[in-house]
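Fold and contact review
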Amino acid sequence: MSTEPKVIVPELTLNNGVTIPQLGFGVFQVPPEETQRIVEDALAAGYRHIDTAAAYGNEAGVGAAIVASGIPREELFITTKLRNGEQGSAAAAFENSRRALGVDIVDLYLIHWPVPSQGLFVQAWNAMEKLYAKGAIRAIGVSNFLPANLETLLAGGSMTPAVNQIELHPTFQQEDVAAKSRSHGIEIEAYSPLGQGSDLSAETVRTLAQKHGATPAQVVLAWHLGRGTIVIPKSADSSRMRENLAAVTLTLSAEELAAVGSLEAGQRIGADPATAAFAQM
C-alpha cells in the first residue's frame, strides 16, 4: 500500500518539547476486528498520529496496522489512555497497553477520565511521571479534566500535563476548560470534533463550505486547526479519511473562525467529567 502522506500536517510543540501532528486519526468505537484494516487505510491516506485507548479494546489492531504499514515507528505518533478502573494500578495497565500495541515507547499516555469520586487520579499521575522518567512515554497528559481536576493534579504532581483531550466542537467549546488548560501551557485536543456529525448541518458551516469549495467537515476541522487545537476525527471510509486530512490545506479568516465559534450552544454529547464514574473494564 502507499505510505506517502499526500498533505503536510502541521505540528505543535508540547510543553516538554515533543512535537505532535495537529490532525490525527481517532479509533473510538472502531470494532476490534475492523481496527487493523481501518488504521491501515488511515496510514495509507497520510495520517501519522493515531489515538486509541485501553477502554476501546482495539489497541492490538492499531499495533497490527503499524507493523503492516511498514512505516518507520519514529514517523508515527501513538496515543493511548489509562482505563478508569485501573487508576490504582497505572504502571501495570500501561505495560498491558504497550504490549497490545507492540511498541517499546508510547508517544502520549493520558488519564482517560478524572473520576473524582475515586480519588485516584493523582496516584495514577504519579505513576505515569515515573514511567515518563524511565523513557517509556514521550509525553503524559489527561483527558476530560475540568479546571478543578487540573488544580488538584498540579498540586499533587511534579509535572504539568502536556495535553488535555476534551469533547470540543462548535456547539460545545468548553472555553473555561480550554482557557484554564492553556494558562498552564497544556495543549487542547478535541475529540468528537464534528459533534459526531451534528454540527455539520449548521447553516454557517454549510455556507463556508460552499464558499471554499470544501466539505462541511473540512470547515469544522479547519476551525479547530485555526484555533490551535489538536484534533482527531474518525471515519471508517477511506475517501472521507482523505477529505478530513485535506482540511489542513484550508485556512479560515479571523471572521470565519468567529462565525463558526458563534455556534456555541452548550450541547455536550458525552458524559460529564464531574460525575462520570464508569470503570471502562
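Please refer to the structure placed before this passage.
Per the stated rule, a full pass over the model turns up five aromatic pairs. On the numbers, 5.3 Å between centres and 55° between planes, the contact of F28 with Y56 is tilted. Pair noted here: F28 is in the loop between β3 (25-26) and α1 (32-45) and Y56 is in the loop between β4 (49-51) and α2 (59-69), with a separation of 28 residues, a long-range link.

With that settled, consider the layout of surface pockets. Looking at the largest pocket, its volume works out to about 660 Å³. Where the lining of the largest pocket is concerned, the elements lending two or more residues are β8 (163-167) and α9 (238-245). Looking at the lining of the largest pocket residue by residue, the classes come out as 15 nonpolar, 14 polar and five charged. Of the pockets and cavities examined, the second largest pocket occupies roughly 370 Å³. The class makeup of the residues in the lining of the second largest pocket is nine nonpolar, three polar and eight charged.

Turning next to the side chain of S69. Structurally, the position occupied by S69 is in helix α2. For S69, a relative accessible area of 8% gives the class buried. Within the local environment of S69, its side chain forms a polar contact with the backbone oxygen of I66, the two atoms lying 2.8 Å apart.

In this section: unusual backbone geometry. At N144, a position not held by glycine, the phi torsion is positive, near 65°. Of note, N144 is situated in the loop between β7 (137-143) and α5 (147-156). For S192, which is not glycine, the phi torsion reads 50° and is therefore positive. Locating S192 in the fold gives a position in the loop between β9 (187-191) and α7 (203-212). Residue S192 is classed as buried on the basis of its relative accessible area of 15%.

This paragraph deals with empty space enclosed by the protein. In total, this model carries one cavity of 30 Å³ or more according to the counting rule given. Its residues assigned to classes, the lining of the largest cavity comprises four nonpolar, two polar and two charged.

A word on the packing of α7 against helix α10 (residues 254-261). One can describe the packing of α7 onto α10 by two numbers: an axis separation of 9 Å at closest approach and a directional angle of 150°. Accordingly, the angle class assigned to the pair α7 and α10 is roughly antiparallel. Relative to α10, α7 is oriented so that their crossing is left-handed. On α10, the residues touching T204, L208, K211 and H212 of α7 are E256, A259 and V260. Split by residue class, the contact of α7 with α10 holds three nonpolar, two polar and two charged.

With six of its six residues buried, strand β5 (residues 77-82) lies for the most part within the structure. Pairing between β4 and β5: three bridges, direction parallel. In the strand pairing of β5, H49 is matched with F77. Each parallel crossover has a hand, and the one from β4 via α2 to β5 is right-handed. Between β5 and its parallel partner strand β6 (residues 106-111), the chain crosses via helix α3 (residues 90-101), and the hand of that crossover is right-handed.

Taken across its eleven residues, helix α8 (residues 216-226) has nine buried, putting it largely inside the fold. Among the residues of α8, those classed as buried are A217, Q218, V219, V220, L221, A222, W223, H224 and L225. In this structure, the buried residues of α8 make contact with β9, α7, β10 (230-231), α9 and α10. One or two residues past the end of α8 sits G228, with phi positive at roughly 80°.

So, about the sheet that holds β9. One key point about sheets: their strands pair by backbone hydrogen bonds, in either a parallel or an antiparallel sense. Taken together, the eight strands give an open sheet; going across it, the order is β3-β4-β5-β6-β7-β8-β9-β10, and neighbouring strands pair in parallel fashion. Looking along the sheet, the strands with just one partner apiece sit at the ends: β3 and β10. Bridge count between β8 and β9: five bridges; the pairing is parallel. Across the sheet, the residue bridging to E167 is Y191, located in β9.

Rules used in this analysis
- Residues numbered from 1 in each chain as written.
- Predicted model: local features only at pLDDT ≥ 70, side-chain atom pairs only at ≥ 80, totals over all residues.
- Heavy atoms only, no water.
- Phe/Tyr/Trp six-rings, centres within 6.5 Å; stacked < 30°, edge-to-face > 60°.
- Helix = DSSP H or I, 4+ residues; strand = E, 2+ residues; numbered from the N terminus.
- 1 Å grid on protein atoms, 1.4 Å probe; cavity = no way out; pocket = protein on both sides within 12 Å on 5 of 7 lines; lining within 4 Å.
- Points joined across faces, edges and corners; volume = space filled by probe spheres on them.
- Nonpolar A, V, L, I, M, F, W, Y, C, P; charged D, E, K, R; others polar.
- Buried < 20%, exposed > 50% of the residue type's maximum accessible area, 1.4 Å probe, protein only.
- Polar contact = N/O pair within 3.5 Å; in protein donor to acceptor, adjacent residues only side chain to side chain.
- Axes fitted to C-alpha atoms, helices over the stretch in contact; angles between N-to-C directions.
- Parallel < 35°, antiparallel > 145°, perpendicular 65-115°, else oblique.
- Left-handed = near helix turned anticlockwise from the far one by under 90°.
- Contact = heavy atoms within 4.5 Å.
- Pairing = 2+ DSSP bridges.
- Right-handed = clockwise from strand over helix to strand, strands pointing away.

Coordinates in, geometry out; function isn't part of it.
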